[in-house]
Amino acid sequence: MIKGIDPRDFDQQARQIRVKVSTILTRWGLLPRFKRWRMTQDRETGMVVLFGILNDNYIAAHTSIPFSNYFDPRLLHDLANEMQVQVVSCNSDTLRYAFILDRGSFGKLPTHIDYPFIDNGKVIVRVVFDNSQQPIPVPPVEPVDVDDNRFIRQVAGAFLKVFDDIKLRDDAALLLSAQNPPDIAIIDEDEFKKRVMEHEVNRQKVKRIKQIFDATEKK
């Protein structure tokens, strides 16, 4: 067990990241609209993560920006270079960036995570390990052996434990109590993009329903 984080150790870095992210997203023509930010740690591995949770409902309702633009590899590279941390793209009930403030005991981490994907009552964590897209400032580490199932499970498990959404965390914990460990699926970036696109389609449906409802109310 690793000692819990002292938030003061990362406060300044977290504040700098929040300011820089908004500046960079604006530079890329993207709306820097976030619902919240939360910093958390996996006590077993020492990994410290700052989550920036995008307000995808607002973005879908007020812009025509494709969600995939927020995960453009060139943008992610810029974010990592400016922040000097690894940035992991995350897709769950919302879209988010995971800024890795401290890798803890990990060397290599995924570049993208789709979590938790629940299928027939089973928790499935989909991860992308793309050795070719690590930004230069990230300290050099050994390439990941995607056949090392134990390591992949450890990484996915750490991310499951640092869920920033209480409901997601509780739902996952409930399922994991009956299914331990979660199923792990190694996917490629194209598959991750497809999942983000599905997310966008669902948000657009919500937008259209709201527009119809508003139009009906005005009559």
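Residues numbered from 1 in each chain as written. Predicted model: local features only at pLDDT ≥ 70, side-chain atom pairs only at ≥ 80, totals over all residues. Heavy atoms only, no water.

### Focus on empty space enclosed by the protein
The full count for this structure, using the stated rule, is one cavity of 30 Å³ or more. There is about 40 Å³ of room inside the largest cavity. Lining the largest cavity, in full, are Ser68, Phe71, His112, Glu189, Phe192, Lys193 and Val196. With four residues, the single largest contributor to the lining of the largest cavity is helix α6 (residues 189-218). Within the lining of the largest cavity, the residues separate by chemical class into three nonpolar, two polar and two charged. (1 Å grid on protein atoms, 1.4 Å probe; cavity = no way out; pocket = protein on both sides within 12 Å on 5 of 7 lines; lining within 4 Å. Points joined across faces, edges and corners; volume = space filled by probe spheres on them. Helix = DSSP H or I, 4+ residues; strand = E, 2+ residues; numbered from the N terminus. Nonpolar A, V, L, I, M, F, W, Y, C, P; charged D, E, K, R; others polar.)

### As for the side chain of Thr63
On the secondary structure map, Thr63 appears in the loop between α2 (56-62) and α3 (73-83). A polar contact is formed between the side chain of Thr63 and the backbone oxygen of Ile59, at a distance of 2.7 Å. Within the structure, the side chain of Thr63 is placed 3.2 Å from the backbone nitrogen of Ile65, a separation counted as a polar contact. (Polar contact = N/O pair within 3.5 Å; in protein donor to acceptor, adjacent residues only side chain to side chain.)

### Quick look at the confidence of the model for the chain
Summary statistics for the chain give a mean pLDDT of 76 and a share of 68% for residues scoring 70 or more. Within the chain, no element has a lower average pLDDT than helix α5 (residues 166-178), which sits at 63, and none a higher one than helix α1 (residues 11-27), at 94. Ignoring residues within four places in sequence, the model shows residues 133-139, a span with pLDDT below 50, making 16 contacts including any to other chains. (pLDDT = per-residue confidence, 0-100. Contact = heavy atoms within 4.5 Å.)

### Thoughts on the environment of Leu50
Assignment of secondary structure puts Leu50 in strand β2 (residues 48-54). Take Leu50: its relative accessible area is 3%, and that puts it in the buried class. Distance in space between the C-alpha atoms of Leu50 and Met39 is 4.2 Å, their sequence separation being eleven residues. Beyond its immediate sequence surroundings of up to four residues, Leu50 is in contact with Ala14, Ile17, Trp37, Arg38, Met39, Tyr97, Ala98, Phe99 and Leu101. (Buried < 20%, exposed > 50% of the residue type's maximum accessible area, 1.4 Å probe, protein only.)

### Points about the nonpolar core
Among the nonpolar cores identified, the biggest contains 33 residues, and Ile17, Val21, Leu79, Tyr97 and Phe99 are the most heavily contacted of them. Secondary-structure elements contributing two or more residues to this core are α1, β1 (34-41), β2, α2, α3, β4 (95-102) and α6. Counting 24 residues, the second-largest nonpolar core is a separate cluster that includes Leu109, Tyr115, Val123 and Phe129. (Core = buried A, V, L, I, M, F, W, Y, C linked by side-chain atoms within 4.5 Å.)

### Points about the packing of α1 against α3
Packing of α1 against α3 leaves a shortest axis separation of 10 Å and a crossing angle of 145°. The interaxial crossing formed by α1 with α3 has right-handed handedness. Contact residues: α1 offers Ile17, Lys20, Val21, Ile24, Leu25 and Arg27, while α3 offers Leu75, Asp78, Leu79, Glu82 and Met83. Residues belonging to the contact of α1 with α3 are distributed by class as follows: seven nonpolar, no polar and four charged. (Axes fitted to C-alpha atoms, helices over the stretch in contact; angles between N-to-C directions. Left-handed = near helix turned anticlockwise from the far one by under 90°.)

### Observations regarding unusual backbone geometry
One non-glycine residue, Gln84, adopts positive backbone phi at about 60°. When you line up the elements, Gln84 lands in the loop between α3 and β3 (86-91). Residue classification places Gln84 among the exposed positions, given a relative accessible area of 53%.

### Some thoughts on the packing of aromatic side chains
Enumeration over the complete set of coordinates arrives at five aromatic pairs. Consider the rings of Phe34 and Tyr97, whose centres lie 6.5 Å apart with planes at 50°: the pair is tilted. Separated by 63 residues along the polypeptide, Phe34 in strand β1 and Tyr97 in strand β4 bring together distant segments of the chain. Considered together, Phe34 and Tyr97 belong to a single accessibility category, that of buried residues. On the numbers, 5.8 Å between centres and 90° between planes, the contact of Phe71 with Tyr97 is edge-to-face. (Phe/Tyr/Trp six-rings, centres within 6.5 Å; stacked < 30°, edge-to-face > 60°.)

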